[in-house]
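# Structural characterization, general
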Amino acid sequence: MMSGHESTDTPADEPAVSVANVTFGYGDRPVLEDVSIDVEPGTFLGLVGPNGSGKSTLLELLLGLRRPDEGTVQLFGEPAHAFAAGDRIGYVPQDVTTAAREMPMTVREVVAMGRYPHRLVGRFSRTDRRAVDEAMVRVGIDDLASRRIGRLSGGQRQRVFIARALASEADLLALDEPTVGVDAESREAFYDLLSELNAAGMTIVLIEHDIGVVTTYATETACLNRRLHFDGAPEEFVETDALAQAYGTDQHVVRHDH
Ligand SMILES: Nc1ncnc2c1ncn2[C@@H]1O[C@H](COP(=O)(O)OP(=O)(O)OP(=O)(O)O)[C@@H](O)[C@H]1O
């Protein structure tokens, strides 16, 4: 396990994510219907589905930002909205460009924010500093530590947010279309980094519109369009008719061969 978390409080067979019979709507508009999915620790889940299919909403339920109308969402055996659960998930938001440009902070300061949940009061300890330094090295941004985050490229910025999650010792990384606006070369390097982190034990939930990315990098695929249309091996996904069912035949599906 790459995380610094002592996992003694989590039984070995506890799923990292357990979504059970979840139904959710905005007002009377249904967005998720009877969705169930377990994500085992160490999985790299690629979550695909057409625009407006409920992917970001499902992620917000995992992050504990919303509660289901029916069913349950648990992280490591705890309700997702519980503080202890939220502490274990690192979030890399979709298109952080605008917000990040306006952040008058250095890379090191942003990564250090990963330690703040544990350090609301008091000084930054040597352990905190080491965690921040190690996180920057792991994602290859240690040479950018003193740079303003607004001056970085899109790909570099996404690495900063991953480093922030690593510094917080998250066990689960949740990313919402992280490479929107990132150039092709940096994009590939970014997914290689996710693969490396996953190989070292990090559980990953990635929302991704490019099915080629999912079949290349993920160990498991889920396809959502209000209901869950598929959950299983990426190579099986492209062979079943789940893809056409979820997207409809007239939808443009992004496929990208690496
Ligand atoms: N805060 C909100 N209030 C009302 N409706 C919302 C809200 N957020 C999302 N929706 C609607 O819920 C549906 C699902 O949205 P969601 O963002 O979860 O889908 P998505 O699969 O992530 O889409 P995309 O791929 O376009 O990001 C959409 O129809 C969207 O317009």
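Going by the structure above, here's the rest.
Description of the structure in this document. In this text, all values refer to a predicted model and were calculated from it rather than measured experimentally. (Residues numbered from 1 in each chain as written. Predicted model: local features only at pLDDT ≥ 70, side-chain atom pairs only at ≥ 80, totals over all residues. Heavy atoms only, no water.)

## Some points on the environment of alanine 163
Tracing the backbone shows alanine 163 in helix H6 (residues 154-167). The class of alanine 163 is buried, set by a relative accessible area of 0%. In sequence terms alanine 163 and aspartate 28 are 135 residues apart; their C-alpha atoms lie 39 Å from each other. Look past the residues within four positions of alanine 163 in its chain and what remains in contact with it is Val111, Ala135, Met136, Val139 and Ile141. (Helix = DSSP H or I, 4+ residues; strand = E, 2+ residues; numbered from the N terminus. Buried < 20%, exposed > 50% of the residue type's maximum accessible area, 1.4 Å probe, protein only. Contact = heavy atoms within 4.5 Å.)

## A look at helix H1 (residues 55-62)
Burial of H1 is extensive: 6 of the 8 residues sit out of reach of the surface. Lys55, Thr57, Leu58, Leu59, Leu61 and Leu62 are the residues of H1 that are buried. The positive-phi residue at the C-terminal boundary of H1 is glycine 64, with phi of around 75°.

## Some details on the site of the ligand
Taken together, 13 residues sit near the ligand, with Arg29, Gly52, Lys55, Ser56 and Thr57 positioned nearest. Serine 56 has a polar side-chain atom sitting 2.8 Å from an oxygen atom of the ligand. Of all the secondary-structure elements, those providing two or more residues to the shell around the ligand are strand E2 (29-39) and H1. Examining the composition of the shell around the ligand, we find that 3 residues originate from one element, H1, more than from any other. Each residue belonging to the shell around the ligand can be placed in one class, and the counts come to 3 nonpolar, 6 polar and 4 charged. (Near = heavy atom within 4 Å. Polar contact = N/O pair within 3.5 Å; in protein donor to acceptor, adjacent residues only side chain to side chain. Nonpolar A, V, L, I, M, F, W, Y, C, P; charged D, E, K, R; others polar.)

## Some thoughts on the packing of aromatic side chains
Inspection of the entire model under this criterion finds 4 aromatic pairs. An angle of 85° between the planes, with centres 5.0 Å apart, marks the rings of phenylalanine 24 and tyrosine 26 as edge-to-face. Summarising the aromatic geometry, the rings of tyrosine 191 and tyrosine 217 are spaced 5.5 Å apart at their centres and angled 35° between planes, so their arrangement reads as tilted. Within this pair, whereas tyrosine 191 is found in helix H7 (residues 184-199), its partner tyrosine 217 is found in helix H8 (residues 211-217), the two being separated by 26 residues in sequence. This pair shows no difference in class: tyrosine 191 is buried, exactly as tyrosine 217 is. By way of ring pairs, the aromatic residues Phe190, Tyr191 and Tyr217 are connected into one cluster. In this structure, arginine 88 is placed above the aromatic ring of phenylalanine 76, and the distance from its NZ or CZ to the ring centre is 4.0 Å. (Phe/Tyr/Trp six-rings, centres within 6.5 Å; stacked < 30°, edge-to-face > 60°. Lys NZ or Arg CZ within 6 Å of the ring centre and 35° of its normal.)

## Thoughts on the pattern of salt bridges
Taken as a whole, this structure holds 9 salt bridges when the rule is applied. With its nearest N and O atoms 2.9 Å apart, the salt bridge here joins arginine 227 to glutamate 33. In this pair, arginine 227 is assigned in strand E10 (residues 227-232) and glutamate 33 in strand E2, connecting sequence segments 194 residues apart. A residue is classified by how much of its surface remains accessible, and arginine 227, at 42% relative accessible area, is partly exposed. By relative accessible area, which is 23% here, glutamate 33 ends up partly exposed. Note that arginine 187 and aspartate 210 form a salt bridge whose closest N and O atoms lie 3.1 Å from each other. Here arginine 187 is found in helix H7, whereas its partner aspartate 210 is found in the loop between strand E8 (203-207) and H8, with 23 residues between them in sequence. When salt bridges with common partners are traced through the structure, they connect Glu33, Arg226 and Arg227 into a single cluster. (Salt bridge = Lys/Arg side-chain N within 4 Å of Asp/Glu carboxyl O.)

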